[in-house]
Amino acid sequence: MTNALEIYQLLPKTNCKQCGKATCMAFAAALLSRGVVVDDCPPLKEDKFKENYEKLSEIITPAGEASESGMIVHTEKCIGCGNCVVACPVNVAEDPYGAGSGKAPTSDNVILRVEDGVVRLSNVSQCRRFGKNKILCNGCIVTCPTKAIEFV
Amino acid sequence: MENEYYVCTGCGLLCDDIEVELVDGKVSKVNNACLKGVARLKECERPAECRIDDAPASLEDAIIEAARILKEADSPVIFGMGNSTSQAQKNAIEVAKKTDAYFDDTSSFCQGPVVEAILENKIRTCTLDEVRDKADIIVYWGADPSNSHPRHLSKYTYFPRGKERQRGWEEDRTAICIDVRKSDTATICGDKFYQIPPQADEELLNAIANGLSGKVPKVSFGMGPKKILELANMLKKAEFGVICVGLGLVYSLEEIEPLVRLMDKLNEVSNFHLIPMVGQYNMRGSNHNLYEETGYINRVKFTGNDVEHGAHCSVVELLRTRTVDAALIIGSDPMSSLPGSIAKELLDIPVITIDPCNTLTSRKAKVSIPTATAGSECGGTAVRMDGVEVEFKAMTETDRMCDAEILERIMGEL
């Protein structure tokens, strides 16, 4: 997964403040949490930063795709292996003999399931990364062989 | 929630928990299957057409022409089988007997040696259900199931909770990957990934065996004795271990003996099993059916009641030495999968293909006969990669004939 420093390296690093942030590092952090978009940095659109601009646009997927818990599934990378479906602690608790045992989910309460070869989200509010008592669970991220799942 | 489950015929894993949605009698949505399975179960992008030479033909004429080619040929070869139902395979063996043909399947350049060793009881094996319920050490050697069998880890080996493995993968199971490159599966295995140079598998097999016998394991490549001992100790402590053998290991071994030796050694000190990572959904079925009939798993030649067997009967050798004068290819695309220099020999002989999809081989064939896709359009039985027979039923109706029926009709014409 990308981090703020990686993004910072691709920014102009001039701290010009045109984006409204105090420093380029602050802009990088805001970009990572999808508080701003790549286009909010005017110097980045200049010709000399063209390559960096393209790279950043590739790394930073629009926040519109993210669920309420901040989860983004890169459907073009997902192969539908179902590792996340089986490893997800919420799925195991809700459906121990279906999804938790490697079989097809038998409960409507699971939060991840594979449909048409790609993982789909449902019941997002049950995700451990959601709500007041959220924790940084990474069960679905570390088990993904193609790094198709990301949280912002 | 009561669901009807189907079996996926996308690979040798034969997942039996697939849900489908139909629109106008066609599969529109496939749930729980991986991308590979979805691609197999939905219609082919280009279905095969019924053709003789380059002209469209009726099914009846194509079958008669196919039978004529086989009858007139002195030594035809029947090849493919990995994507056919068990009944179709049995029928194909009958056709081979009738026409004194060579018979070979894709296992001759795939998992053949391993399946043979298992059928001859040289190697201990187990079922995938046992792996799910009991296994604590899972070794992927030369295999990358994340790409070849996407649901292998999630449905059976590493991630699911099993009867004796209730605490999940972090605590209860260890997945080890031994490969020449950091594959997607190796990424999941994390620090349990052992990278070796190509062709070094035999050396590592022997080194691990040495480590298990208390000797200092040495290899010529940059893996220290400490690291190998660490691996050997992990295997030694297994309560129920399984080695999933991929093509990477099979291809790098000249013969299977070093693997058999390691398995014997492992079973002296611990409890280990082996499962071949069979690719096509019923390749192992073909091995089983031919083994029952002849005592060999592949590469045979029928002459009257006699059966000849040997490396010279493999499809690659037959084409290379130009021994055959016609080919019946069932559910396989050798023109795409064999090396170009070998595959081009197929251009010089009359080829009959029986396939649901339009492939390079079917485009170049003299006779192309379309069939229903097993798994979605016709039912049957198949043998899973661990040797368990799985029955499956059709999801949709079709007017296309199943491969078993087409072979029966060809047999009738003969």
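Each chain has its residues counted from 1, following the order in which its sequence is written. Going through the entries in the order they are written, you letter the chains from A and number the ligands from 1. The model is predicted, so local features are restricted to residues of pLDDT at least 70 and side-chain atom pairs to those at 80 or more, both for listing and for counting; the totals for chains, interfaces and linings are taken over all residues.

Chemist: Can you break down the overall build of chain A residue by residue, with the values?
Modeler: Here a strand is any run of E in DSSP of at least two residues, a helix any run of H or I of at least four, and the numbering for each starts at the N terminus. From N to C terminus, chain A includes 6 helices and 4 strands. For chain A, the succession of helices and strands along the chain, N to C, is α-α-α-β-α-α-β-β-α-β. Taken over the C-alpha atoms alone, chain A extends approximately 55 × 30 × 20 Å along its principal axes. Each residue is classed by its C-beta neighbour count within 10 Å, where at least 20 other C-beta atoms makes it buried, 12 or fewer makes it exposed, and intermediate counts make it partly exposed; the C-beta atoms are placed from backbone geometry. In chain A, which comprises 152 residues, the share counted as buried stands at 37%. Considering only intrachain contacts with a sequence separation of at least 6, the fraction spanning at least 24 residues in chain A is 53%. A pair of residues counts as a contact when their C-beta atoms, built from backbone coordinates, are separated by no more than 7 Å.

Chemist: Describe in detail the overall build of chain B, supporting the description with residues and values.
Modeler: Looking only at helices and strands, chain B features 19 helices and 18 strands. Computed over the C-alpha atoms, the radius of gyration of chain B is 22 Å, within 12% of the 22 Å expected from 2.2 N^0.38 for a compact globule of 414 residues. Seen through its principal axes, chain B has C-alpha atoms that stretch 65 × 55 × 35 Å. Here the globule rule reads 2.2 Å times residues to the power 0.38, and the radius of gyration is calculated from C-alpha atoms.

Chemist: How would you explain the interface of chain B and chain A if you had to name every residue and give the values?
Modeler: Counting from both sides, the interface comprises 28 residues of chain B and, opposite them, 24 residues of chain A. Those elements that provide at least two residues to the side of chain B that touches chain A are strand E2 (26-31), helix H1 (35-41), helix H7 (152-157) and helix H9 (184-189) of chain B. For the side of chain B that touches chain A, a count of residues per class yields 14 nonpolar, 6 polar and 8 charged. Here the term charged refers only to Asp, Glu, Lys and Arg, the term nonpolar to Ala, Val, Leu, Ile, Met, Phe, Trp, Tyr, Cys and Pro, and the term polar to all other amino acids, Gly among them.

Chemist: Any details on the sheet that holds strand E15 (residues 351-355) of chain B? Residues and values, ideally.
Modeler: Within a beta sheet, neighbouring strands are joined by backbone hydrogen bonds and run either parallel or antiparallel to one another. All names here are of chain B. A sheet is described by the order of its strands in space; here 9 strands give the open sequence E4-E3-E16-E15-E14-E5-E6-E12-E13, paired in mixed fashion. One side of each edge strand has no neighbouring strand; the edge strands of this open sheet are strand E4 (55-56) and strand E13 (306-309). At least two DSSP bridges between two strands are required for those strands to pair. Two strands pair when backbone bridges link them, and E15 and strand E16 (residues 367-370) are joined in this way by 4 bridges, in the parallel orientation. Pairing of Ile 354 across the sheet is with Ile 369, part of E16. Axis geometry follows a simple rule: fit a line to the C-alpha atoms, using only the stretch in contact for helices, then measure angles between N-to-C directions, giving values from 0 to 180 degrees. Here helix H2 (residues 59-72) sits on the sheet in contact with strand E3 (51-52), strand E5 (76-80), strand E14 (326-330), E15 and E16, set at roughly 130 degrees to E16.

Chemist: Let's hear about unusual backbone geometry: which residues, and what values?
Modeler: All names here are of chain A. Of note in the backbone geometry, Lys 13 takes a positive phi value of approximately 60 degrees without being a glycine. By secondary structure assignment, the location of Lys 13 is in the loop between helix H1 (4-10) and helix H2 (24-32). Here Lys 13 falls in the partly exposed class, since 13 other C-beta atoms lie within 10 Å of it.

Chemist: I'd love a proper account of the sheet that holds strand E7 (residues 137-141) of chain B, names of residues and values included.
Modeler: Residue and element names in this part refer to chain B. Overall, parallel pairing links the 5 strands, which are arranged E9-E8-E7-E10-E11 in an open sheet. Unpaired on one side and paired on the other, strand E9 (193-195) and strand E11 (272-276) mark the two borders of the sheet. Each neighbouring strand pair of the sheet contributes to a mean axis angle of 15 degrees, computed without reference to strand direction. Judged from the 5 bridges that link them, strand E10 (residues 241-245) and E11 form a sheet pairing that is parallel. For Gly 241, the partnering residue across the bridge sits in E11 and is Phe 272.

Chemist: Mind laying out the domain arrangement of chain B, listing which residues take part and the relevant values?
Modeler: All names here are of chain B. Under the domain assignment used here, chain B contains domain 1 (46-108 + 281-391 + 401-413) and domain 2 (112-276). Reported domain spans reflect what an automatic or database domain assignment gives. In this structure, domain 1 and domain 2 have C-alpha centres spaced 33 Å apart. Residue-level contacts link 11 residues of domain 1 with 9 residues of domain 2. Looking at the side of domain 1 that touches domain 2 residue by residue, the class counts come to 4 nonpolar, 5 polar and 2 charged.

Chemist: Residue-level account of the packing of H2(B) against helix H19 (residues 403-413) of chain B, with values.
Modeler: Residues and elements named next belong to chain B. Here H2 crosses H19 at 60 degrees, and the two axes come no closer than 9 Å. By the angle class used here, H2 and H19 are oblique. Crossing hand, H2 versus H19: right-handed. Counted together, Ile 63, Ile 64, Ala 66 and Ala 67 of H2 and Ile 406, Arg 409, Ile 410 and Glu 413 of H19 form the full contact between these two elements. When its residues are assigned to classes, the contact of H2 with H19 shows 6 nonpolar, no polar and 2 charged. Reported orientations rely on four angle classes, namely roughly parallel under 35 degrees, roughly antiparallel over 145, roughly perpendicular from 65 to 115, and oblique for the rest. Take the far helix as the reference: if the near one is turned anticlockwise from it by less than a right angle, the crossing is left-handed, and if turned clockwise, right-handed.

Chemist: I'd like to hear about the pairing of strand E18 (residues 389-392) of chain B, residue by residue, with values.
Modeler: All names here are of chain B. In terms of strand pairing, strand E17 (residues 380-383) meets E18 through 4 bridges, oriented antiparallel. Note that in E18 the partner of Thr 381 across the bridge is Glu 391. The antiparallel pairing of E17 with E18 creates a hairpin that spans 5 residues between the two strands, and Gly 387 there sits at a positive phi of about 95 degrees.

Chemist: Any details on the nonpolar core? Residues and values, ideally.
Modeler: Residue and element names in this part refer to chain B. We call a set of buried Ala, Val, Leu, Ile, Met, Phe, Trp, Tyr and Cys residues a nonpolar core when their C-beta atoms link them within 7 Å. Within the largest apolar cluster, 148 residues are counted, with the highest numbers of intra-cluster contacts made by Ala 66, Cys 244 and Val 245. Among the elements that make up this core, the one with the highest residue count is H2 (6 residues). Apart from the residues within four sequence positions on either side, Ala 66 is in contact with Ile 352, Val 367, Ile 369 and Ile 410.

Chemist: Any chance you could break down the packing of helix H3 (residues 86-98) of chain B against H19(B) for me, citing the residues and the numbers?
Modeler: Residue and element names in this part refer to chain B. Where H3 meets H19, the axes come as close as 8 Å, and the angle between the chain directions of the two elements is 20 degrees. In this view, H3 runs roughly parallel relative to H19, as classed from their interaxial angle. Considering how the two elements wind past one another, H3 and H19 form a crossing that is left-handed. Here Gln 87, Ala 88, Asn 91, Ala 92, Glu 94, Val 95 and Lys 98 of H3 come into contact with H19, specifically with Asp 403, Ala 404, Leu 407, Glu 408, Ile 410 and Met 411.

Chemist: Any details on the confidence of the model for chain B? Residues and values, ideally.
Modeler: Values of pLDDT, the confidence the predictor places in each residue, fall between 0 and 100. Of the residues in chain B, 100% reach a pLDDT of 70 or more, and the chain-wide mean stands at 91. Among the scores for the predicted complex, ipTM is 0.86 and pTM is 0.87.

Chemist: Break down helix H10 (residues 201-212) of chain B for me, with residues and values.
Modeler: All names here are of chain B. A helix is expected to span 1.5 Å for every residue after the first. Across its 12 residues, H10 extends 17 Å between first and last C-alpha, which sits within 8% of the 16 Å expected from 1.5 Å per residue. By the burial criterion, the buried members of H10 are Asp 201, Leu 204, Leu 205, Ala 207, Ile 208, Gly 211 and Leu 212. The arc that holds the buried residues of H10, viewed along the axis, is 165 degrees, so those residues lie on one side. Among the structural elements, strand E8 (174-179), helix H11 (225-236), helix H12 (247-252) and helix H13 (257-269) are those in contact with the buried residues of H10. Of the residues trailing H10, Gly 214 is marked for its positive phi of about 90 degrees. Starting at the helix axis, one direction is taken to each C-beta atom, and the arc is that of these directions.

Chemist: Give a detailed account of the environment of Cys24(A), specifying residues and quantitative values.
Modeler: Relative to the helices and strands, Cys24(A) resides in helix H2. Ignoring any residue separated from it by four or fewer positions in sequence, one finds Cys24(A) in contact with Tyr8(A), Leu11(A), Pro12(A), Lys13(A), Thr14(A) and Asn15(A).

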